[in-house]
Amino acid sequence: MKNSELKERIPILLLHAVCAVLVMGLAVFVRSQSSSFLKEENELNEALTDESGLPYLTDMDSYYHVRLVNNYLSRGMFGDTVKEDGTVWDLHSFSPEGRNAEYQPGIIWTTALVHRLTGISADILEYKLMAFLSAFAALAAYIIVARLTGVFGGLTAGIAVGCGPQFAIRTCYGRFDTDVFIIVLEVCLILFMLEALRAKTRGKKILLIALFAFSAVLYSLCWMPRYAILFTGLTIGGGMLYVLFEFCIRRKTAERKEKGFGPVKQEGMILAGLAGTVLVSQLLLFGVDLISGIFSALSFTNEAAKGSEAYPNLFVSVSELGKTQFFPKDLSRVLSGYIPEESPSAVNGAGGLLVVLISFVSLGFLLKLAWPKKDPKKRIPEEAICLFRWKRVL
């Protein structure tokens, strides 16, 4: 790169850096407001804080993860003891018999790593860490859309993802749960897939395919593997829809079949490489049982919700274990983005009916813009055929 070009790009890169810090900072700020009551000295403050002065965590899942972290830092394992057959055993769950302490290690490993690198108290990390990790979802969303549309589109995407009501509530101060990884790693999968499709050199393509597979492995280590691999597959499926649409565009615009369809075939091979790399890495990590787990996830059933292992069945009161409804129970709240004390329906979880409708209308508008109008008197350049054309802004 020439010095003149570098001087021109420095201000642009600085602008993107400022905007990226802005969306990340805003994401953390929104989540930090759950502890605003600490600014006042009153009875509420005393009732909601522990002996160390930190507010209590929001749910029992958070305290379960706290216990796993404490066990890992003090004993080097998740459970309380080791049985004679070598199984790490949890003596607190399903007391007195206990249960296997096997668990997705991502949240515990991440907390322990940050604790050892920074020296920050585990109590403070358990209260605040998820809010800071969620900012990476805002960063990834900013990068994806800024590459497509520029600064303002990136800001909009970063704020929308980072400050989404359902995501913010589940990753705010006081929530120490695995919800953060579902969004952060999913957005990373989308980023690496799009970058792999647009990469120019073979080396970059291979690197991005490896990063995609690595993110999928992290996804399975941070959340339930069968759902993580299912959502990874759905991400690749979205890439296939993109390539199919681009194929339709090229079919209308390409003057020569081999020139028009060549890039589409190449992108199809990249998607096949993504799928193959993910499948091999997941099978090596979890074995062939992962396949049956994916089909189980497709059925959208949960053994815990059936209460097959516990009596009385206390799990039926956990709304998250129930099947997701498309609309809320009260249709008058179909425009709401959040309904207290109710597991969000598909529409409300996305932000309400108005947001869903705007999303579909916007998608149709983007597809219309991407579909080129062929002028027989004017040759359409090759670069205009692509649906998503990276701008040289990042």
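Please read all numbers here as calculations on a predicted model, not as lab measurements. (Residues numbered from 1 in each chain as written. Predicted model: local features only at pLDDT ≥ 70, side-chain atom pairs only at ≥ 80, totals over all residues. Heavy atoms only, no water.)

Undergrad: Looking at this structure, how should I read the overall build of the protein chain?
TA: Secondary structure assignment for the protein chain yields 15 helices and 3 strands. Out of the 394 residues in the protein chain, the part that is buried amounts to 40%. The contacts of the protein chain with a sequence gap of at least 6 include a subset with a gap of at least 24, amounting to 62%. Carbon and sulfur atoms make up 65% of the accessible area of the protein chain, which totals about 23,000 Å². (Helix = DSSP H or I, 4+ residues; strand = E, 2+ residues; numbered from the N terminus. Buried < 20%, exposed > 50% of the residue type's maximum accessible area, 1.4 Å probe, protein only. Contact = heavy atoms within 4.5 Å. Areas by Shrake-Rupley, 256 points an atom, 1.4 Å probe, with all protein chains shown as cover.)

Undergrad: Looking at this structure, how should I read the sheet that holds strand β2 (residues 88–90)?
TA: Strand pairing in a sheet takes place through backbone hydrogen bonds and is either antiparallel or parallel in direction. An order of β1-β2-β3 is seen for the 3 strands of this open sheet, with the pairing classed as antiparallel. Sheet topology places β1 (81–82) and β3 (99–100) at the edges, where each strand pairs with a single neighbour. (Pairing = 2+ DSSP bridges.)

Undergrad: I'm lost on the nonpolar core in this one. Help?
TA: Grouped burial of nonpolar side chains is what soluble globular proteins tend to show. Core analysis: the largest hydrophobic core is formed by 63 residues, its most contacted members being Tyr142 and Phe212. If you look at the next biggest cluster of nonpolar residues, it comprises 5 residues, including Ala140, Ile144, Val187 and Leu191. (Core = buried A, V, L, I, M, F, W, Y, C linked by side-chain atoms within 4.5 Å.)

Undergrad: What should I look at first to understand helix α3 (residues 60–75) in this one?
TA: Between its first and last C-alpha atoms α3 spans 22 Å; for 16 residues at 1.5 Å apiece the expected length is 22 Å, and the two agree. Restricting attention to buried positions, one finds in α3 the residues Ser62, Tyr64, His65, Val66, Arg67, Leu68, Val69 and Asn71. Packing partners of the buried residues in α3 comprise β2, β3, α4 (106–118) and α5 (122–149). Glycine 76 sits one or two positions beyond α3 and adopts a positive phi of about 80 degrees. (Expected span 1.5 Å × (residues − 1).)

Undergrad: Mind showing me how you'd approach the packing of α3 against α4 here?
TA: Each pair of packed helices can be summarised by the angle the axes make with each other and by the distance between the axes. Contact geometry for α3 and α4: axes closest at 9 Å, N-to-C directions at 55 degrees. Looking at the two axes, α3 sits oblique to α4. In this structure, the crossing between α3 and α4 has a hand that is right-handed. Each of His65, Leu68, Val69, Tyr72 and Leu73 in α3 lies in contact with α4, whose residues at this interface are Ile107, Ile108, Trp109, Thr111, Ala112, His115 and Arg116. (Axes fitted to C-alpha atoms, helices over the stretch in contact; angles between N-to-C directions. Parallel < 35°, antiparallel > 145°, perpendicular 65-115°, else oblique. Left-handed = near helix turned anticlockwise from the far one by under 90°.)

Undergrad: Explanation requested: the packing of aromatic side chains in the structure shown.
TA: The description of an aromatic ring pair uses the distance of the two centres, along with the angle that the planes make with each other. Under the defined criterion, the tally for this structure stands at 7 aromatic pairs. Residues tyrosine 127 and tyrosine 173 carry aromatic rings whose centres are separated by 5.5 Å and whose planes lie at 55 degrees to one another, so their mutual orientation is tilted. Separated by 46 residues along the polypeptide, tyrosine 127 in helix α5 and tyrosine 173 in the loop between α7 (165–169) and α8 (179–198) bring together distant segments of the chain. With respect to class, tyrosine 127 is no different from tyrosine 173; both count as buried. Aromatic side chains phenylalanine 326 and phenylalanine 327 sit 4.7 Å apart centroid to centroid with 90 degrees between the ring planes, which places their arrangement in the edge-to-face category. (Phe/Tyr/Trp six-rings, centres within 6.5 Å; stacked < 30°, edge-to-face > 60°.)

Undergrad: Where do I start with the pattern of salt bridges in this structure?
TA: If the charged atoms of two oppositely charged side chains come close together, the side chains can form a pair. Counted by the stated rule, this structure contains 7 salt bridges. Notably, a salt bridge pairs glutamate 195 with arginine 147, separated by 3.1 Å at the nearest N-O pair. Of this pair, glutamate 195 sits in helix α8 while arginine 147 sits in helix α5, placing them 48 residues apart in sequence. Here glutamate 195 and arginine 147 have matching classes, each one buried. The network of salt bridges with common partners includes Arg170, Arg175, Asp177 and Asp179. (Salt bridge = Lys/Arg side-chain N within 4 Å of Asp/Glu carboxyl O.)

Undergrad: How should I be thinking about a nonpolar patch on the surface in this particular structure?
TA: A surface patch of nonpolar side chains, about 310 Å² in accessible area, is lined by Leu26, Phe29, Val30 and Ile159. Among the elements that take part in the nonpolar patch, helix α1 (residues 3–32) stands out by supplying 3 residues, more than any other. Secondary-structure assignment places isoleucine 159 in helix α6 (residues 151–162). (Patch = residues over 30% accessible without salt bridge, like charges linked within 9 Å, V, L, I, M, F, W, Y side chains within 5 Å.)

Undergrad: Explanation requested: the environment of valine 30 in the structure shown.
TA: Tracing the chain through its elements places valine 30 in helix α1. Placed 139 residues apart in sequence, valine 30 and isoleucine 169 show a C-alpha to C-alpha distance of 9.3 Å. With near-sequence residues (within four places) excluded, valine 30 lies in contact with Cys163 and Ala168.

Undergrad: Teacher, can you tell me more about the confidence of the model for the protein chain here?
TA: A low pLDDT score tells you not to read the predicted coordinates there in detail. The share of residues in the protein chain with pLDDT of 70 or more is 78%, and the mean pLDDT across the chain is 81. A low-confidence stretch, residues 382–393 stays under pLDDT 50, and its non-local contacts, those more than four residues away or across chains, total 40 contacts. (pLDDT = per-residue confidence, 0-100.)

Undergrad: What am I meant to see in the packing of α8 against helix α9 (residues 202–222) here?
TA: Running from N to C, α8 and α9 point in directions that differ by 165 degrees, and their axes come no closer than 9 Å. Taken as axis vectors, α8 and α9 run roughly antiparallel relative to one another. Crossing hand, α8 versus α9: left-handed. Counting all contacts with α8, which are made through Phe181, Ile182, Leu185, Glu186, Cys188, Leu189, Phe192, Met193, Glu195 and Ala196, the residues of α9 involved are Lys205, Leu208, Leu211, Phe212, Ser215, Ala216, Leu218, Tyr219 and Cys222. Of the residues that constitute the contact of α8 with α9, the class distribution is 15 nonpolar, 1 polar and 3 charged. (Nonpolar A, V, L, I, M, F, W, Y, C, P; charged D, E, K, R; others polar.)

Undergrad: Sorry if this is basic, but what is going on with the side chain of serine 215 here?
TA: Counting through the fold element by element, serine 215 comes out in helix α9. Classification of serine 215 as buried rests on a relative accessible area of 5%. Not counting the four nearest positions on each side in its chain, serine 215 is found in contact with Leu185, Cys188, Leu189 and Phe192.

Undergrad: Is there a simple way to think about the environment of leucine 285 in this case?
TA: Mapped onto the elements, leucine 285 comes out in helix α11 (residues 257–286). With 68 residues separating them in the primary sequence, leucine 285 and valine 217 have C-alpha atoms 8.2 Å apart. For leucine 285, the contacting residues outside a window of four places in its chain are Val217 and Leu221.

Undergrad: For this particular structure, what's the right way to read α6?
TA: Three- or four-residue spacings in an α-helix give side chains the same orientation, since the helix completes a turn every 3.6 residues. Between its terminal C-alpha atoms α6 stretches 16 Å, which fits the 16 Å expected from 12 residues at 1.5 Å a residue. Listing the buried residues of α6 in full gives Val151, Gly154, Leu155, Ala157, Gly158 and Gly162.

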